[in-house]
Amino acid sequence: MPELPEVETVRRGLLPLMEGQIITRAEVRRPDLRWPLPENMAGRLTGVRIDRMRRRSKYILADLSSGETLLIHLGMSGRMLITPPGEARQDTAEYLHVHAAPGKHDHILLEMENGAVVAFNDPRRFGMWDLLPTEGAEAHPLLAVIGPEPFGNDFSESWLIERFRGRKTPVKAALLDQGNVAGLGNIYVCEVLYRAGISPLRQAGDLSERDVAGLVPLIREVLAEAIEAGGSSLKDYRQADGELGYFQHSFRVYGREGGDCVTPGCAGVIRRDVQSGRSSFWCPQCQPLPGPAEKAPALEAQVKKARVNSARPPRKA
């Protein structure tokens, strides 16, 4: 599922063709995606201007001149395919004729006044589109529970220290909790913890304040590098222009089970453990667990469980 860098990359790709433009025609080609689509969605989108396109966590929001906001989540396989004005639409497999008949999985089409066409393509239909009042949009149930944006001033060392204090949950789960920090997913949490030298199996509440504070700049660093690289292309993700993202070529641990650690001078081998059905990739030498005398019983049990689960197939990242 796309994480913050992938969603931000898509938003930036759509921005020059959609922001400030009027939707001259909207076509909704099925009644639902993951959930039912809003009533009269095509009619409510046709003829309105997109005043602003923004992102909140893993959601794209388009503020409309009608006083409503279009809320989009890409889901597991959702893609925004664009046909720039006067050009052939670029799909991941082939070039199609200008404004050709929609593909089988093009569920929503938006024709812009500048001639661009934007198609939401989602083979698995795990994505979602919704319309909500712009005023009070942050109170939407999907947005209200989200914590601070990692690049915002509200996400600080003191914030994360307080959120982790006394938490009896693995640090990886704490970072995946969208109430603690918005937009992080499995891939980038693995990369952040590797750079921090913290095992994903450690409990959040057992980390020192110094260790927790050190996560804040590393989260920003990893996400900024991924956005610069255009995100990571795994499974179904593509950028808005159909191009692949390239941060997957910079993975230091994610997906590298059995590979040599890339830290100079480290002889460690990347291992994979399964936590709550998701794969955790880490280097036991660079991200050591506490010694036997220091391990709490709960941590010992957690490690044993992770090792047992590592033989089971993981859920999709």
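Quick note: structure is the one above.
Residues numbered from 1 in each chain as written. Predicted model: local features only at pLDDT ≥ 70, side-chain atom pairs only at ≥ 80, totals over all residues. Heavy atoms only, no water.

1. Here's the deal with the nonpolar core
Logical step 1: If you look at the biggest cluster of nonpolar residues, it comprises 38 residues, and the most contacted ones within it are F164, V171, L175, L184, L215 and I219.
Logical step 2: When contributions to this core are tallied by element, the ones reaching two or more residues are helix 4 (157–164), helix 5 (171–176), helix 6 (186–196) and helix 7 (209–228).
Logical step 3: Among the elements that line this core, the one with the most residues is helix 7, at 10 residues.
Logical step 4: With near-sequence residues (within four places) excluded, L184 lies in contact with E3, K58, L175, L176, Q178, V189, I219 and L223. (Core = buried A, V, L, I, M, F, W, Y, C linked by side-chain atoms within 4.5 Å. Buried < 20%, exposed > 50% of the residue type's maximum accessible area, 1.4 Å probe, protein only. Helix = DSSP H or I, 4+ residues; strand = E, 2+ residues; numbered from the N terminus. Contact = heavy atoms within 4.5 Å.)

2. Considering the packing of helix 6 against helix 7
To describe two helices that pack against each other, one gives the angle between their axes and the distance between the axes.
Logical step 1: At their nearest, the axes of helix 6 and helix 7 sit 9 Å apart, and the two run at 130 degrees to each other. Considering the angle they form, helix 6 stands oblique to helix 7. Remark: the crossing between helix 6 and helix 7 carries right-handed chirality. Facing Y188, E191, V192, L193, R195 and A196 of helix 6, the residues of helix 7 in contact are L215, L218, I219, E221, V222, L223, E225 and A226.
Logical step 2: Of the residues that constitute the contact of helix 6 with helix 7, the class distribution is 10 nonpolar, no polar and 4 charged. (Axes fitted to C-alpha atoms, helices over the stretch in contact; angles between N-to-C directions. Parallel < 35°, antiparallel > 145°, perpendicular 65-115°, else oblique. Left-handed = near helix turned anticlockwise from the far one by under 90°. Nonpolar A, V, L, I, M, F, W, Y, C, P; charged D, E, K, R; others polar.)

3. What about the side chain of E191?
Logical step 1: Counting through the fold element by element, E191 comes out in helix 6.
Logical step 2: With no salt bridge to any partner, buried E191 finds its closest opposite charge in R195, at an N-O distance of 5.1 Å.
Logical step 3: Here E191 is in contact with V222, S250, F251, R252, V253 and Y254, once residues within four sequence places are set aside. (Lys, Arg positive; Asp, Glu negative; His and termini not counted. Salt bridge = Lys/Arg side-chain N within 4 Å of Asp/Glu carboxyl O.)

4. Here we look at the pairing of strand 10 (residues 278–282)
Side chains on a regular strand alternate between the two faces of the sheet.
Logical step 1: When you tally the buried positions in strand 10, you get 4 out of 5 residues, the bulk of the element.
Logical step 2: With 5 bridges joining them, strand 9 (residues 271–275) and strand 10 adopt antiparallel strand pairing. Paired with Q275 across the bridge in strand 10 is R278.
Logical step 3: Taking the residues that link successive antiparallel strands as the turn, the strand 9-strand 10 hairpin has 2 residues, and the phi of S276 there is positive, at about 50 degrees. (Pairing = 2+ DSSP bridges.)

5. Considerations on unusual backbone geometry
Logical step 1: If you check the backbone angles, N40 has positive phi at about 50 degrees while not being a glycine.
Logical step 2: When you line up the elements, N40 lands in the loop between strand 1 (23–28) and helix 2 (41–45).
Logical step 3: Despite not being glycine, R125 has its phi angle at roughly 60 degrees, a positive value.
Logical step 4: Here R125 lies in the loop between strand 7 (117–121) and strand 8 (128–133).
Logical step 5: Classification of R125 as partly exposed rests on a relative accessible area of 34%.

6. Quick word on the pairing of strand 2 (residues 50–56)
Logical step 1: For strand 2, a buried count of 5 out of 7 residues is recorded, marking the element as mostly surrounded by other parts of the structure.
Logical step 2: If you look at the hairpin formed by strand 2 and strand 3 (residues 59–64), you'll find 2 residues sitting between the two strands, and S57 has a positive phi there, around 55 degrees.

7. Examining the side chain of H107
Logical step 1: Checked against the element boundaries, H107 lands in strand 6 (residues 106–112).
Logical step 2: Of the residues examined, H107 reaches a relative accessible area of 6% and is grouped as buried.
Logical step 3: The residues touching H107, leaving out its near neighbours within four places in the chain, are E27, V28, R29, R30, L33, F120, D122 and R125.

8. A short note on the sheet that holds strand 3
Logical step 1: One open sheet accounts for 4 strands, arranged 2-3-4-8; its pairing is antiparallel. Single-partner strands in this sheet number two, and they are strand 2 and strand 8. Each neighbouring strand pair of the sheet contributes to a mean axis angle of 20 degrees, computed without reference to strand direction.
Logical step 2: Here strand 4 (residues 68–73) pairs with strand 8 via 6 bridges, running antiparallel. Bridged to E68 within strand 8 is P133.
Logical step 3: Sheet contacts for helix 1 (residues 4–18): strand 2 and strand 3; angle to strand 2, the most-contacted strand, approximately 170 degrees.

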